[in-house]
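# Structural features, examined
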Amino acid sequence: MKGVLVLIIVALLPTTLLAQNYEVKKRCKGNGTNAMVVEHKDQYFVVKTPRYFQHGWMIRRLVGINGGGYRTLDYLNSSGDSYQMEVQVLSRMQWNYSGYAAARTVCRKITQAGYRDI
């Protein structure tokens, strides 16, 4: 039994280490829009998602996060099942944000009533 536990831990270790590269700092929801602020390598990004990104879910990979635009987000749900969804990373230059406070403001703004996607 102890050997099985060690095997499971070793098998999940690379996934866990990879997931630690992305941290969801804030979730925003409203007006039919879902978004989140993601920290990656000490930088903050606003990511629009087609559905609310639940607590307990972990981002495994978001290739091209620095470039903005539409990207594929690989994540694990709270049961450990792996899924993908297409998301939109908002350009930091276009939206003029850097740092957590500014990213959080953009996240809130795009989920408020009255905001319209351009």
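Use the structure listed above.
In this report, we go over the structure that sits alongside the text. Here the structure is a predicted model, which is why all the values come from computation and not from measurement.

### Let's talk about the pairing of strand E5 (residues 69-76)
As paired strands, strand E4 (residues 58-62) and E5 are joined by four bridges and run antiparallel to one another. Bridge pairing in E5 places Met58 opposite Leu76. Count of turn residues in the E4/E5 antiparallel hairpin: six residues, of which Gly64 carries a positive phi of about 80 degrees. Of the pairings in the sheet, the one linking E5 to strand E6 (residues 82-89) comprises eight bridges and is antiparallel in character. Within E6, the residue paired with Arg71 across the bridge is Val87. Counting the residues in the hairpin turn of E5 and E6 gives five residues, including Gly80, whose phi is positive at 90 degrees.

### Concerning the side chain of Glu39
Along the chain, the position of Glu39 falls in strand E2 (residues 33-40). The buried category is assigned to Glu39, whose relative accessible area is 15%. Those residues in contact with Glu39 that lie beyond four places of it in its chain are Asn21, Tyr22, Glu23, Lys25 and Tyr44.

### Overview of helix H3 (residues 100-110)
Buried within H3 we find Ala103, Val106, Cys107 and Ile110. Each buried residue of H3 sits inside an arc of 100 degrees when the element is viewed along its axis, so together they form one side.

Thresholds applied
- Residues numbered from 1 in each chain as written.
- Predicted model: local features only at pLDDT ≥ 70, side-chain atom pairs only at ≥ 80, totals over all residues.
- Heavy atoms only, no water.
- Pairing = 2+ DSSP bridges.
- Helix = DSSP H or I, 4+ residues; strand = E, 2+ residues; numbered from the N terminus.
- Buried < 20%, exposed > 50% of the residue type's maximum accessible area, 1.4 Å probe, protein only.
- Contact = heavy atoms within 4.5 Å.
- Arc of directions from axis to C-beta.

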